[in-house]
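Results of the structural survey
So the chains spell out like this:
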Amino acid sequence: MLSKITCMNCHYCHETCIRKGKQKTVQIYQCKSCLKYQRQDYKYRSKLIEDQQLIQLVKEGCGIRSIARVLTISNSTVLRRILKIGRSIKRSPTVSFGQTYQVDELFTYIGNKNNRVCVAYSLNAKTKEVIDLVVGRRNKTNLKRIISTLLLSDAKQITTDKLNIYKELIPVRIHSTKNRGINHIERQNLNLRTHIKRLNRRTICYSKSATMLLAVVKIYFWS
Ligand SMILES: [Zn+2]
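Keep in mind that this is a model prediction, so the values were computed, not measured.

Looking now at the overall build of the protein. In terms of helices and strands, the protein carries 7 helices and 9 strands. Expressed along its principal axes, the backbone C-alpha trace of the protein runs to roughly 75 × 40 × 25 Å. Each of the 223 residues in the protein was classed as buried or not, and the buried ones make up 43%. For the protein, the accessible area works out to roughly 13400 Å², and carbon and sulfur atoms hold 50% of it. Measuring between centres, the 43 positive side-chain charges of the protein sit 7 Å from its 13 negative side-chain charges.

In structure tokens form, the structure reads like this:
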């Protein structure tokens, strides 16, 4: 359908848009201010929803279906968009040397409540920045991925709980298991439990897939 309108207001910043070519028979517009390409109206409402809105709702403790209801888009769109955002997030790039870190795990379920998995991650004790995270079983392979990042960044001290796997992975001179040594990361666990719907305890909320869980935790930490 040909559009007679020569200009319209941007869907995102409400500045003036100009005509900028066509996609098949639909007029495409470009915003003069934010330079985003757009159409006058969309068949699918989700096109008008920005990633930032989804990120905000995920971090505010909304589940997939509640996000779908609030934004009036479909469940599958929410899932697809969250996975896409999760994939685009890379691990925090700023790793400084000679820092003190805390490492801990937090348990949740995938698929059913008999299938326990853990979210293990490392936190800079001073800046409270999350360095690395892994989702899966609490075994040597998974914890090694967390620890090796810290060892590569020449950690001054790594504080963990008294789990035996850590004793094998961390050199004795920088390993600490002292009382209250992982206070900061334990508090961060509480934040996660409060702010991410699928990590809420004593509810029926848990993930169906590890990929989704990883995407949501990555969004929480790094976006
Ligand atoms: Zn604009």
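There is more to say after this.
Here we come to the layout of surface pockets. The space that makes up the largest pocket amounts to roughly 480 Å³. What lines the largest pocket is a set of 21 residues, among which Ile64, Arg65, Arg198, Tyr206 and Ser207 lie closest to the centre. When contributions to the lining of the largest pocket are tallied by element, the ones reaching two or more residues are helix H2 (64-71), helix H3 (75-88) and helix H7 (210-222). For the lining of the largest pocket, the leading source of residues is H2, giving 4 residues. For the lining of the largest pocket, the residue count by class is 12 nonpolar, 5 polar and 4 charged. Each pocket or cavity is described by its volume, and for the second largest pocket that value is around 370 Å³. Along the wall of the second largest pocket there are 17 residues; nearest its centre are Tyr12, Tyr42, Ser46, Lys47 and Arg81.

This next bit is on a positive patch on the surface. Taken together, the side chains of Lys47, Arg80, Lys84 and Arg87 define a basic patch exposed on the protein surface. Along the polypeptide, Arg87 turns up in helix H3. Judged by relative accessible area, which is 58%, Arg87 ranks as exposed.

What follows deals with the pairing of strand S7 (residues 130-136). Burial analysis of S7 places 7 of its 7 residues in the buried class, the great majority of the element. Of the pairings in the sheet, the one linking strand S6 (residues 112-124) to S7 comprises 6 bridges and is antiparallel in character. Within S7, the residue paired with Val119 across the bridge is Val135. Between S6 and S7, which pair antiparallel in sequence order, lie 5 residues; one of them, Lys128, sits at a positive phi of approximately 60 degrees.

Take the coordination of the zinc ion next. Taken together, the protein donors to the zinc ion comprise Cys10 (SG), Cys13 (SG), Cys31 (SG) and Cys34 (SG), at separations of 2.2 to 2.4 Å. Here the donor residues for the zinc ion map to a single chain with the spacing C-x2-C-x17-C-x2-C. Pair noted here: Cys13 is in the loop between strand S1 (7-9) and strand S2 (16-23) and Cys34 is in the loop between strand S3 (26-31) and strand S4 (37-38), with a separation of 21 residues, a long-range link. On the accessibility criterion, Cys34 (31% relative accessible area) is partly exposed.

Cut-off values and rules
Residues numbered from 1 in each chain as written. Predicted model: local features only at pLDDT ≥ 70, side-chain atom pairs only at ≥ 80, totals over all residues. Heavy atoms only, no water. Helix = DSSP H or I, 4+ residues; strand = E, 2+ residues; numbered from the N terminus. Buried < 20%, exposed > 50% of the residue type's maximum accessible area, 1.4 Å probe, protein only. Areas by Shrake-Rupley, 256 points an atom, 1.4 Å probe, with all protein chains shown as cover. Lys, Arg positive; Asp, Glu negative; His and termini not counted. Charge placed at Lys NZ, Arg CZ, Asp CG, Glu CD. 1 Å grid on protein atoms, 1.4 Å probe; cavity = no way out; pocket = protein on both sides within 12 Å on 5 of 7 lines; lining within 4 Å. Points joined across faces, edges and corners; volume = space filled by probe spheres on them. Nonpolar A, V, L, I, M, F, W, Y, C, P; charged D, E, K, R; others polar. Patch = residues over 30% accessible without salt bridge, like charges linked within 9 Å, V, L, I, M, F, W, Y side chains within 5 Å. Salt bridge = Lys/Arg side-chain N within 4 Å of Asp/Glu carboxyl O. Pairing = 2+ DSSP bridges. Donors = N, O, S within 2.8 Å, 3.2 Å for Na, K, Ca; no water.

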